[in-house]
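Coordinate inspection notes
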Amino acid sequence: MKTSYQFEINPSVIKIFFPEERIKDKYKILEILLESCRYILYNKEVAISRSQYKMILHKDKMSRLVFVGENKIYSIAFPFNISQITSDVILINYKNRFDIDSQNISILLSLLKSPTINSEDCLEFIDPITNYSQNIWSTLRDLLLLEDGYVRYDNDEVGFEKAKTDGHEHRHPLNHIDIFYTNQITFKLGLKKEYTKNDLIDLMDRNTDSKYLNSH
Amino acid sequence: MRVEKQIEWDKRLWVSHAWGSRNNPNSGLYSYLCNFYNVNFLRFSYQGTGYKQIFTQILEAVNAIEEKDFRFAFDYILIDERQDFPNVFFELCEKIAKNKVYIAGDIFQDIYENTNNTVLEVDIVLNKCYRTDPRTLMFAHGVGIGLFEKKKLNWFSDPYWSVIGYNIERLENRTIRLYREPIRRFDDLNIGDFESVIMGGSTHPSNVIKIVKGLQDMHKEIKPDDIAIILLEENQKNLFSYIDGLSYAINSKLEWEVNRAYENQTKIPNTIYISNINNIKGLEFPFVICITGAIKNTYKYRNVLYTMLTRSFIQSYLLVTDEKGLEANKEGLKIINEYNYIETIEPTDREKKEIENKLKKFIQSNANVSFEDFIKEIFNELKIPIKSRKKLTEAILNTDFDKFDKQKTIKFIKTNSEFYN
């Protein structure tokens, strides 16, 4: 069974997968997840990517999407099933009961982006959901409760130089991994040298050996 | 100039929806009145609630108040979009406003439901449309009510034609020419140089890309948000796949970002606006590309087609997959472009009566019943088992006749019920 899919990210959609504003909530993560599914359904896979921006879906014991940018690589959970029917046709579903297709992606995105999701009145939140089949709610609920597994690798010269000038370079190592995205929760693990996408995938892959941290 | 007095929002001046939410009386007129006259608030999402019900409920409550206890809720009420409200709403407003009620409506909003002469009983009519090129408006009216086709879906009385801005010229053999005064919204744009509506051409994404590229060549300064692409079909599954395919073609071939308006429900700068028919109300664009499978013969569809074509203020494109019946409309468009008038054949008195009766039936059936209730009644009448109803309803929603066409719905159910068990 195929375990890895690779796509080049078209320049005019880079902003979707690498938003200008820092990712700070799960709505954004889910938006990226669903946009990725849509991208996978309609864009051709590439064996060797020359573009700096790419998306990799790794589906094995570990099920994750990896987004590769200029100085940044990040990864989130991929909670769906995927099957390649022909070289052109890929199908995605959730728990074999809900198709992740154009229509359902649009419905889920419109619910996630709707202001009613933040309404003080829970009935206002429910109202638009009731327009659709029951599977929409159970899928939306599971997505909202999803462990999104956000991990990011950064090669951040600007941040590092600034930290250095301020006298604490080890609070912002040049190469580092950020775990989680909420301000009070996120933390960095410094790396002695640059990481490639393969290093990051290898770090997260449960089929390969684990990495060890020195205890200081 | 110094501002002497700030507006006292929600104390002396309210600008709000008609409905609103229960917990905030200032969020809507109905919500405010429930609070003011102590009436139980009905939520918008409750099955079967509509303007007629909620405003009747308030009116009855107000009528029950003894004269000495009655208080006016407002001094003045200004209402927009009158076509969206039932008569009881205006009756209520007159009752609770101390001085005067002003009512404004849009005579260009629809070409079926509010086109009888009672709509004309108003004090002032503004019948010039400054948004749309008059040729686009003429074509939209023409294709909208089937003026270029043998069988018309609607016909207006002479006073109504005149109130929506047409001059009528009658020729031999019931031939009629309808003229509009030309209006120039942009002084620097010579509208005679190009056609305001372009019809035909494939609905394949590659043709849409070609059209946009053509626009880019002709208007060097054009930006993605100058263009809207509107899909006229109801929300069928393949509509969404079509849009996704088209969107990625736009991304890769034009390197423009797209805004799927049915997800974002707002305009986004520097993106091309792609929408179904539900997220376009009140918007206008320099260029509009309307895409549809076929020009259907239902009132709802034709009204949508009319409205969507008039969303442009420079140019509208209409791309149709099914060529059937296009020729007559193309011919009608050619005459508009060449001579600036609509040429059509006036229906005979008998045909007019037929048109009127059919439309009346449609409006009546559409008025107060939800589709669920409408279909339930038919299912009960035909004794269709509960378990097959869901599938049958889905199948009916995918047909091309009007949702509330009782005769056709019955025929469809009778013919197909054995296949849906």
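Here the structure is shown first, and the text comes after it.
Conventions adopted
- Residues numbered from 1 in each chain as written.
- Chains lettered and ligands numbered in written order.
- Predicted model: local features only at pLDDT ≥ 70, side-chain atom pairs only at ≥ 80, totals over all residues.
- Heavy atoms only, no water.
- Helix = DSSP H or I, 4+ residues; strand = E, 2+ residues; numbered from the N terminus.
- Rg over C-alpha atoms; globule rule 2.2 N^0.38 Å.
- Buried < 20%, exposed > 50% of the residue type's maximum accessible area, 1.4 Å probe, protein only.
- Lys, Arg positive; Asp, Glu negative; His and termini not counted.
- Charge placed at Lys NZ, Arg CZ, Asp CG, Glu CD.
- Contact = heavy atoms within 4.5 Å.
- Polar contact = N/O pair within 3.5 Å; in protein donor to acceptor, adjacent residues only side chain to side chain.
- Axes fitted to C-alpha atoms, helices over the stretch in contact; angles between N-to-C directions.
- Parallel < 35°, antiparallel > 145°, perpendicular 65-115°, else oblique.
- Left-handed = near helix turned anticlockwise from the far one by under 90°.

Before going further, it helps to spend a moment on the overall build of chain A. Looking only at helices and strands, chain A has seven helices and 10 strands in total. A compact globule built from 216 residues should have a C-alpha radius of gyration of about 17 Å, and chain A, at 19 Å, falls within 12% of that. C-alpha atoms of chain A, sized along the principal axes, occupy 55 × 45 × 35 Å. Residue burial in chain A is summarised as follows: out of 216 residues, 48% are buried. Each charge class in chain A can be summarised by its mean position, and for the 28 positive and 31 negative side chains these summaries are 3 Å apart.

Here we take up the environment of Asp156 of chain A. Residues and elements named next belong to chain A. Within the secondary structure, Asp156 sits in the loop between strand 8 (151-155) and helix 6 (157-165). Residues Asp156 and Asn214, spaced 58 residues apart in sequence, show a C-alpha to C-alpha distance of 22 Å. Beyond its immediate stretch of four places on either side in the chain, Asp156 contacts His172, Leu174 and His176. Looking at Asp156, its side chain comes within polar contact range of the main-chain nitrogen of Val158, at 3.3 Å.

This part covers the packing of helix 4 (residues 134-145) of chain B against helix 10 (residues 326-339) of chain B. Residues and elements named next belong to chain B. Axis separation between helix 4 and helix 10 bottoms out at 10 Å; the angle between their running directions is 155°. Classified by the interaxial angle, the pair formed by helix 4 and helix 10 is roughly antiparallel. Helix 4 and helix 10 meet at a crossing whose hand is right-handed. The segment helix 4 lies against helix 10, with Arg135, Met138, Phe139 and Val143 engaging Asn329, Leu333, Ile336 and Asn337.

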